[in-house]
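Here are the chains, one letter per residue:
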Amino acid sequence: ASIVPRAHALDDDLAALQRAQMIRQRTRMPEATYIFKHHLTQEAAYDSLLRRKQRDLHRRVAQALERLYPERVEERLGLLAHHWEQAEEREKAVAYLRRAGEQAAARYANAEAVAYVTRALALTPEQDLAGRYDLLLAREAVYNVQGAREAQHRDLVALGSLAEALDDSGPRGAGRRAEVALRLAHYALVIGDFERVAATVQPAIRLAQAAHDLRGEALGHLTWGRSLRLDNRQYQSANAQLAQAVALARSASLRDVEAESLRQLGLVCHHQHDYAGAEVYFARSLHLYRETGDRRGEGMALNAIGFSRLSQDEYAPARDYLVRGLSLCRETGNRLDEGWAHAHLGQVALGQGDYAR
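Peer 1: I'd love a proper account of the overall build of the protein chain, names of residues and values included.
Peer 2: Summing up its helical and strand segments, the protein chain has 17 helices and three strands in all. The proportion of buried residues among the 357 residues of the protein chain is 43%. Counting contacts in the protein chain only where the partners sit at least 6 residues apart, residues at least 24 apart contribute 50% of the total. Carbon together with sulfur atoms contributes 51% to the accessible area of the protein chain, which is approximately 18600 Å² in total.

Structure representation (structure tokens):
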């Protein structure tokens, strides 16, 4: 709202505003644009308009942006969401807020993503169960990356209620129940409640199979394998579940699931002191993450290789891998693996006798 596009009919008015030192020219090319010199001037001008007029102006600005710059819509999702929101065009605002949230999450702007999705939820009626389900699913995923466990759990509870309310006998109903069950199993895994993982993940896999959801089925085996690895070191059983996850992921070209399943297989080898085998899995995982442009996964794979070198007392290469992994964990907002990188770097320093570090 602070930018005034130049139009020929407004030249005199713009010149007068410039002489009064209320606005200044911000750009000349490709077209002249102007901005208020002080936000209080902008606020006073805006507040002097009737609410009906404000809504109309926001609607006209949003329509003009869509019409004049269709090729730049993806660059302006947040701005378009704001204008449609202020125009009180709920459906348009929610659509743009959701896209802006997805875009922010993809570039690891996690706080921004949560803010957009939360605004979209506030505009989505309680009776729109499917719309609220999809938005909560997106927000819960970002909370998971942030490690915001209380907020994540609240969204999971709400998702469970919505999945039940939306329940039907078709594949989509089973698919939603499988999605929530898998998210609950993953949540139990990251907080260390392995009994709940076992109780949740097996029905989740059955639901995914009923929905013909290979991704859900593969993720179920991946989560189960991770839990078995961590719970009483059930390595043989963990290996079987993770191998099943890899096979399903490959059959459906789910490269992100394959990459993480390979990383977990590497950790199984590592804990059995098979460091050569572990690094083969880690290298394949790292290659897939880089090939798909997954910076978060790349950071986790680098951490895993660093951990392997640390366990072999190769402190210099371990530090190199862990520093690079830590940088990517920070870049992507991956708090859990950032913590692991710090812990392992501390072990490197300990092994080198650098007690202060």
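Peer 1: Can you explain the packing of aromatic side chains? Please cite residues and give values.
Peer 2: Evaluated as defined, the whole model comprises zero aromatic pairs. Over the ring of Tyr69 we find Arg76; its NZ or CZ atom is 4.6 Å from the centre of that ring. Geometry around Tyr133 places Arg176 over its ring, the cationic atom sitting 5.6 Å from the centre.

Peer 1: Please set out the pattern of salt bridges residue by residue, giving values where relevant.
Peer 2: Inspection of every chain in the model, using the stated rule, returns 29 salt bridges. A salt bridge links Asp155 to Arg139; its shortest N-O distance comes to 2.8 Å. Highlighted residues: Asp155 in helix H8 (residues 149-165) and Arg139 in helix H7 (residues 129-146), separated in sequence by 16 residues. Taking relative accessible area as the criterion, Asp155 reaches 4% and is therefore assigned buried. Across the pair Arg295 and Glu331 runs a salt bridge whose closest N-O atoms are separated by 3.1 Å. Here Glu331 lies in helix H16 (residues 315-332) and Arg295 lies in helix H15 (residues 295-311), a separation of 36 residues in the sequence.

Peer 1: Account for helix H17 (residues 335-351), with residues named and values stated.
Peer 2: Taking 1.5 Å per residue, 17 residues should reach 24 Å; H17 reaches 25 Å between its end C-alpha atoms and fits that length. Turning to H17, its buried residues number three or more, namely Asp337, Glu338, Ala341, His344, Leu345, Val348 and Ala349. The buried residues of H17 occupy an angular sector of 150 degrees when projected down its axis, which confines them to one face. The exposed set on the far side of H17, more than 90 degrees from its buried face, consists of Arg335 and Leu350. Contact partners of the buried residues in H17: H15 and H16.

Peer 1: For unusual backbone geometry, give the residues involved together with the corresponding values.
Peer 2: In this structure, Tyr108 is a non-glycine residue whose phi angle is positive, near 65 degrees. Considering the arrangement of structural elements, one finds Tyr108 in the loop between helix H5 (90-106) and helix H6 (110-123). A positive phi angle is found at His273, which is not glycine, with a value near 65 degrees. If you trace the backbone, His273 turns up in the loop between helix H13 (255-271) and helix H14 (275-291).

Peer 1: Before we move on, can you summarise the environment of Gly351 with the specific residues and values?
Peer 2: With respect to the helices, strands and loops of the structure, Gly351 is situated in helix H17. A sequence separation of 41 residues divides Gly351 from Leu310, and the C-alpha atoms of the two residues are 8.7 Å apart.

Peer 1: Please provide a residue-by-residue account of the packing of H15 against H17, values included.
Peer 2: Packing of H15 against H17 brings their axes to within 10 Å, and their N-to-C directions diverge by 25 degrees. The pairing of H15 with H17 is recorded here as roughly parallel in orientation. Where H15 crosses over H17, the handedness of that crossing is left-handed. On H17, the residues that touch Met300, Asn303, Phe307 and Leu310 of H15 are Asp337, Ala341, His344, Gln347 and Val348. By residue class, the composition of the contact of H15 with H17 is five nonpolar, three polar and one charged.

Peer 1: If you had to explain the nonpolar core to someone new, which residues and values would you point to?
Peer 2: If you look at the biggest cluster of nonpolar residues, it comprises 45 residues, and the most contacted ones within it are Val201, Val257 and Phe282. Among residues more than four places away in sequence, those in contact with Phe282 are Arg263, Gly266, Leu267, Ala301, Ala304, Ile305 and Ser308. Ranked by size, the runner-up nonpolar core spans 35 residues in total, among them Leu97, Leu121, Tyr143 and Leu159.

Peer 1: Kindly report on the side chain of Asn334, identifying the contributing residues and their values.
Peer 2: Within the element layout of this structure, Asn334 appears in the loop between H16 and H17. When neighbours within four sequence positions are excluded, Asn334 is seen to be in contact with Val145, Arg296, Met300 and Cys329.

Peer 1: Report on the packing of H6 against H7, specifying residues and quantitative values.
Peer 2: Close contact between H6 and H7 brings their axes to 10 Å; oriented N to C, the two are set at 160 degrees. In terms of axis orientation, H6 runs roughly antiparallel to H7. Relative to H7, H6 is oriented so that their crossing is left-handed. Taking contact as the criterion, the partners of Asn110, Ala111, Ala113, Val114, Val117, Thr118, Ala120 and Leu121 in H6 are, on H7, Arg132, Leu135, Leu136, Arg139, Val142, Tyr143, Val145 and Gln146. Here the contact of H6 with H7 is built from residues that sort into eleven nonpolar, three polar and two charged.

Calculation notes
Residues numbered from 1 in each chain as written. Predicted model: local features only at pLDDT ≥ 70, side-chain atom pairs only at ≥ 80, totals over all residues. Heavy atoms only, no water. Helix = DSSP H or I, 4+ residues; strand = E, 2+ residues; numbered from the N terminus. Buried < 20%, exposed > 50% of the residue type's maximum accessible area, 1.4 Å probe, protein only. Contact = heavy atoms within 4.5 Å. Areas by Shrake-Rupley, 256 points an atom, 1.4 Å probe, with all protein chains shown as cover. Phe/Tyr/Trp six-rings, centres within 6.5 Å; stacked < 30°, edge-to-face > 60°. Lys NZ or Arg CZ within 6 Å of the ring centre and 35° of its normal. Salt bridge = Lys/Arg side-chain N within 4 Å of Asp/Glu carboxyl O. Expected span 1.5 Å × (residues − 1). Arc of directions from axis to C-beta. Axes fitted to C-alpha atoms, helices over the stretch in contact; angles between N-to-C directions. Parallel < 35°, antiparallel > 145°, perpendicular 65-115°, else oblique. Left-handed = near helix turned anticlockwise from the far one by under 90°. Nonpolar A, V, L, I, M, F, W, Y, C, P; charged D, E, K, R; others polar. Core = buried A, V, L, I, M, F, W, Y, C linked by side-chain atoms within 4.5 Å.

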